[in-house]
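A closer look at the structure
Take a look at the letters that make up each chain.
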Amino acid sequence: LTPEESQIFNQLEFLGNDNHPDAHACRLKLSAVTVGLGDSSAMKCPWSVFEELREYVKKYDFVSSACRLTTEEEKLLLTMCTPSFGYRLPTELVNRSAYVSAVSNIDSIPTGKTLSVNVGIDKPPAIENFDSGADTSILDNPKNCMITSKLFGAAYSRPEEDQVAFGGLRALEFINSALDHGVEVTSASYGFPLMYDLLVGTVAFKLHPNDKTHNWGRMLVRVVPPSDFKRKSSEMSALRILSENPSVAQHPHIPKFQIDSAMSKFKGMFQGKDAVSRILNELHSFLTKQSIRSMLQFPVASIESQSPAVMTLKRPESYFDYRLWVIPKVSDYSQSNFILDIQNCAAVNIPLAQIQAFASKPLSPIKLESFVVYLSRNELRQQNVSAVVPFDLSASKAARTHCSEATTQRIGTDIAKYAYTANNETTPTLIGFTPNDIDSLHSNPASLNKAIAQLGSLVKALNGLMAFDRLSLGNLMKRALAIATSDERSDTTNGSVGEECNFLRFRLGQISEREPTVWFELLVASILSSTSEHDIRSLNPYLSSVAYKTVNSLTIVAMLASIRIGQSHRALAGLSHLVRLLKSVKSTNTPEVQKRLCQEVGLQASKVAGDLTCERHFMKVTPQAVEFDPRFLVFEFTYSMMLRKSQVILVNKFLHALKSGKSMCHQMIMGAGKTTVVAPLLAMILADGKSLVTQVVPHALLDFSRGVMREKFSAVVRKPVFTFTFSRGTPITRDLYMKLCKARDSKAIICATPTSVKSFMLKFVEMMRHLERSKTGGERNPANGAGMFLSRIARRFREQSVVTELEVNPEDIYYCTEILKLFNDGVLLLDEVDL
């Protein structure tokens, strides 16, 4: 990393305190990306994968759909989890590993069959169940009471109304004090009398004006210690019954708790007439009345849940199943053929003429024949290209060898082919800018005015087309997203309440980010996938197959409109420069200035004509459909450009050679797009997650080429870009192998220099040679007289050098061979490298 990149990466250390579920997911994604870098790397994430994954599993239900980890990422991170020394992996991560493995194979389950997953269960902590059953002691035996409750009940002092009835800080301090000191039945301040007063409404405690005191009393009853509610007593029975029966607690004739005077408290306690005993007897009489007894409801005993030891999974029958595992993603980029249905386009008001223009000459709707004419070389005052080699080497002795004769013959063939092509082709030229017209600009004002008027008409036509395309682009994108996200419903419904509730639940899930949603860049990238329909329809189970085809048609036409906007913009920029040149044409200019201006006008007019007549060379139009390679279209859309015919042909040649299992070398001139077009396009197509793609460039171009790759794969199609740096002193470890495996699986591109690749090969040869000698016991035997012919400087260097014995670990050789297998099964792109 550069110092600036290291500074940015080190800022991640300050994000470790964010405990949001999405924050755990994002940190784990960073850990998955940097896997294999080792503990000594500058990009070591400053958090524990073990702790982050444990929290992620606990909060999984609350992680946004866009932040969820894929099953591959989870399995990778689970292998990285190492608990502290002496501790085993917690049960939740062991179960998660088994569950993720089962989910990753769920599509292979036969129809009608199930898959069982054994899960471990930790012994649950002992928790006393408050809702273990009804307590009717107050109804059956009111004398069954706690002795200590009478004592502390006599010491009870009812809170003042001005302290608790109007909310605010004093009421909050009161409830905090009760919870801090502990709520017990036998407590003097926060015991049975207080809870009884709250339940029947004697103490008007409120935090909010709309609070009900019964709810506060019910809450305090539930926080009494197990020693109180486990024992059946009249006090606890009364509190339970009043908690579960608000209508009885608010009855106008229910007995109220009466506080005795100071001397009566202790006299009544020994005579059985204390305040607690009296209220229990009165409440018993009140509750046993027939009218009141019929109103009582007793809670059903709650059964403690038990976790199942086996989970059963079945093959998903529709896109409605296993929604928590749906993640927005593009499975691969291997779709090489796409068919755009013309009838489907016509159904959404996209005419055939517009599609034909997009597939051939995008700017043809402005009637190019009114602005551009095609001229031959003679009409452009250019001499024909000679088909004869301009030099003769037959007299040279060196030219008579077999290789020289083959090279000479190839040069002659290439020159003849080029001459035939150049002499028979026509060049697009702006009307009013032929050589004769350009020569008359200085001498004929009418010709100059005509040229400016012609350019004005062309600018007006291009601006009109651009305005139309911009309006169409916005409408197409909105319509595609509306259908894909079910803003515009495409499914057929029977109108049942249950089905409408499920749809509303799905839409609310999209708003809360629990359900995945679709964005336009995802729709663009999805057409590159071989399972594109599954990728998009899994995000929206209400999207029908016909509606998905409509979304695809809208997306593709929107991409074509966007590319044409860029083409129009380039043509307008060229026209603006051409108009400025024409305004510099004056009859008073010197002959030298006139000549220079005529040359500049001719070159700029030729450039504008080429931009206007630029064609698309990878689409084939039939009456029913348009067939093309979607990878070319996505590449054009991402970078607002149009591929040249030579570039399309070259990339197809490379792909055909690769399918045939052959290597291919092609020579290109500077500016033909080797590094900025051909190499990134091949990398996008070939990095499919099955083979490792490595780009080898000279050391001077490493930073530039790596920057180009990162620029190209940071928008719609996103791919990691790694750098392979190696010297003969670099150790070969498991971390290096894991990093390369991660690069292959994540469809990444490796950038390297020839020195790094050769150093790795030499390191392998050196390790194998040392291992072979160590097994055979061979030693170096210098030849007799070695060094006698060395120069004085060489002998001095040898005497001062220190010989370091190479130590070879068999494990290192194993990983070295595995890395070689990755390179051997992968693809190597050589850019300006002379091997």
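Please read all numbers here as calculations on a predicted model, not as lab measurements.

Conventions adopted
- Residues numbered from 1 in each chain as written.
- Predicted model: local features only at pLDDT ≥ 70, side-chain atom pairs only at ≥ 80, totals over all residues.
- Heavy atoms only, no water.
- Helix = DSSP H or I, 4+ residues; strand = E, 2+ residues; numbered from the N terminus.
- Rg over C-alpha atoms; globule rule 2.2 N^0.38 Å.
- Contact = heavy atoms within 4.5 Å.
- Areas by Shrake-Rupley, 256 points an atom, 1.4 Å probe, with all protein chains shown as cover.
- Lys, Arg positive; Asp, Glu negative; His and termini not counted.
- Charge placed at Lys NZ, Arg CZ, Asp CG, Glu CD.
- Axes fitted to C-alpha atoms, helices over the stretch in contact; angles between N-to-C directions.
- Parallel < 35°, antiparallel > 145°, perpendicular 65-115°, else oblique.
- Left-handed = near helix turned anticlockwise from the far one by under 90°.
- Patch = residues over 30% accessible without salt bridge, like charges linked within 9 Å, V, L, I, M, F, W, Y side chains within 5 Å.
- Salt bridge = Lys/Arg side-chain N within 4 Å of Asp/Glu carboxyl O.
- Pairing = 2+ DSSP bridges.
- pLDDT = per-residue confidence, 0-100.
- Buried < 20%, exposed > 50% of the residue type's maximum accessible area, 1.4 Å probe, protein only.
- Polar contact = N/O pair within 3.5 Å; in protein donor to acceptor, adjacent residues only side chain to side chain.
- Core = buried A, V, L, I, M, F, W, Y, C linked by side-chain atoms within 4.5 Å.
- Disulfide = S-S within 2.5 Å.
- Phe/Tyr/Trp six-rings, centres within 6.5 Å; stacked < 30°, edge-to-face > 60°.

**As for the overall build of the protein chain**
Secondary structure assignment for the protein chain yields 35 helices and 11 strands. Taking 2.2 N^0.38 as the reference for a compact globule, 835 residues should give roughly 28 Å; the C-alpha atoms of the protein chain span a radius of gyration of 41 Å, well beyond that estimate. Seen through its C-alpha atoms, the protein chain measures out along the principal axes to roughly 140 × 90 × 60 Å. In the protein chain, once contacts between residues fewer than 6 apart in sequence are set aside, the share between residues at least 24 apart is 80%. For the protein chain, the computed accessible surface area is about 46500 Å², with 55% contributed by carbon and sulfur atoms. Taking the average location of the 94 positive side-chain charges in the protein chain and that of its 83 negative ones, the two points are 4 Å from each other.

**A few points about the packing of helix H26 (residues 545–583) against helix H28 (residues 630–639)**
The contact between H26 and H28 brings their axes to 9 Å, and the two run at 50°. Taken together, the axis directions place H26 and H28 in an arrangement best described as oblique. Two packed elements cross with a definite hand, and for H26 against H28 that hand is left-handed. Residues Ile 556, Met 559, Leu 560, Ser 562 and Ile 563 of H26 form the contact with H28, whose own contacting residues are Leu 633, Val 634, Glu 636 and Phe 637.

**Let's talk about a nonpolar patch on the surface**
Taken together, the side chains of Leu 169, Leu 172 and Leu 207 make up a nonpolar region of the molecular surface, amounting to roughly 250 Å² of accessible area. For Leu 207, the location among the structural elements is in the loop between helix H10 (192–200) and helix H11 (213–221).

**Observations concerning the sheet that holds strand E3 (residues 338–341)**
Taken in spatial order, the three strands of this open sheet run E3-E7-E6, and their pairing is antiparallel. A single partner strand is all that each edge strand has here, and the edge strands are E3 and strand E6 (619–621). Strand-to-strand twist across the sheet, computed as the mean angle between neighbouring axes with direction ignored, equals 20°. Here E6 runs beside strand E7 (residues 625–628); their pairing, made up of three bridges, is antiparallel. Across the sheet, residue Met 619 finds its bridge partner in E7, namely Phe 628. Against the sheet, H26 touches E3, E6 and E7, its axis set at about 100° to E3.

**Regarding the confidence of the model for the protein chain**
Mean pLDDT over the protein chain works out to 84, with 92% of the residues at or above the 70 mark. In this model, residues 782–787 is a region of pLDDT below 50 whose contacts with residues beyond four sequence positions or in other chains number three contacts.

**Quick look at the side chain of Asn 540**
Tracing the sequence through the fold places Asn 540 in the loop between helix H25 (532–537) and H26. Given the relative accessible area of 1%, Asn 540 is considered buried. Of the polar contacts made by the side chain of Asn 540, one reaches the backbone oxygen of Ala 484; its length is 2.8 Å. Apart from residues no more than four positions distant in its own chain, Asn 540 is found in contact with Arg 323, Ile 483, Ala 484, Thr 485, Ser 486 and Phe 506.

**As for unusual backbone geometry**
If you check the backbone angles, Lys 367 has positive phi at about 60° while not being a glycine. In this fold, Lys 367 is placed in the loop between helix H19 (352–359) and strand E4 (372–375). When its relative accessible area of 54% is taken as the criterion, Lys 367 is described as exposed. With a phi close to 60°, Arg 381 is a non-glycine residue in the positive phi region. Relative to the elements of secondary structure, Arg 381 occurs in the loop between E4 and helix H20 (402–424).

**Side note on the nonpolar core**
Of all hydrophobic cores here, the largest spans 109 residues; its most connected members are Leu 430, Phe 433, Leu 462, Leu 612, Phe 628 and Leu 633. Considering every element that reaches this core, the biggest residue donor is H26, with 18 residues. If near-sequence neighbours (up to four positions away) are discounted, Leu 612 is found in contact with Leu 363, Leu 368, Val 372, Leu 430, Leu 458, Leu 462, Gln 567 and Ala 571. Counting 46 residues, the second largest nonpolar core, distinct from the first, contains Phe 130, Val 185, Leu 199 and Val 221.

**Some words on the state of the cysteines**
Here, the word disulfide means a covalent bond between the sulfur atoms of two cysteines. Inspection of the entire model under this criterion finds zero disulfides. No disulfide involves Cys 26; its sulfur sits 4.3 Å from the nearest other cysteine sulfur, which is in Cys 67.

**Re the environment of Lys 417**
Looking at the secondary structure, you find Lys 417 in helix H20. Along the primary structure Lys 417 and Ala 387 are separated by 30 residues, whereas in three dimensions their C-alpha atoms are 7.7 Å apart.

**Description of the sheet that holds strand E8 (residues 693–696)**
Spatially, the four strands line up as an open sheet ordered E9-E10-E8-E11, and their pairing is parallel. Only two strands of the sheet have a single neighbouring strand rather than two, namely strand E9 (721–724) and strand E11 (827–830). Geometrically, the sheet is characterised by an average inter-axis angle of 25° between neighbouring strands, direction not taken into account.

**Section: the pairing of E11**
Side chains of E11 alternate between two faces, with Val 827 and Leu 829 buried and Leu 828 and Leu 830 left unburied. Where E8 and E11 come together, four bridges link them in parallel fashion. Of the residues in E11, the one forming a bridge with Val 693 is Val 827.

**A word on the packing of aromatic side chains**
Under the counting rule described, the total for this entry stands at 22 aromatic pairs. With a centroid separation of 5.7 Å and 75° between ring planes, the pair formed by Phe 724 and Phe 823 is classed as edge-to-face. With Phe 724 in strand E9 and Phe 823 in helix H35 (residues 810–825), this pair connects stretches of sequence that are 99 residues apart. Judged by relative accessible area, Phe 823 falls into the partly exposed class, the value being 27%. Seen in terms of ring centroids, Phe 726 and Phe 760 are 5.3 Å apart; in terms of plane orientation they differ by 75°. Their pairing is edge-to-face. With a gap of 34 residues between them, Phe 726 in the loop between E9 and helix H32 (734–745) and Phe 760 in helix H33 (residues 754–776) connect regions that are remote in the sequence. In this structure Phe 760 comes out as buried when scored by relative accessible area, which is 1%.

**So, the pattern of salt bridges**
Counting across every chain of the model gives 26 salt bridges. The salt bridge involving Lys 59 is made with Glu 55; its shortest N-O contact spans 3.9 Å. Among the ionic contacts, a cluster of salt bridges with common partners joins Glu 55, Lys 58 and Lys 59.

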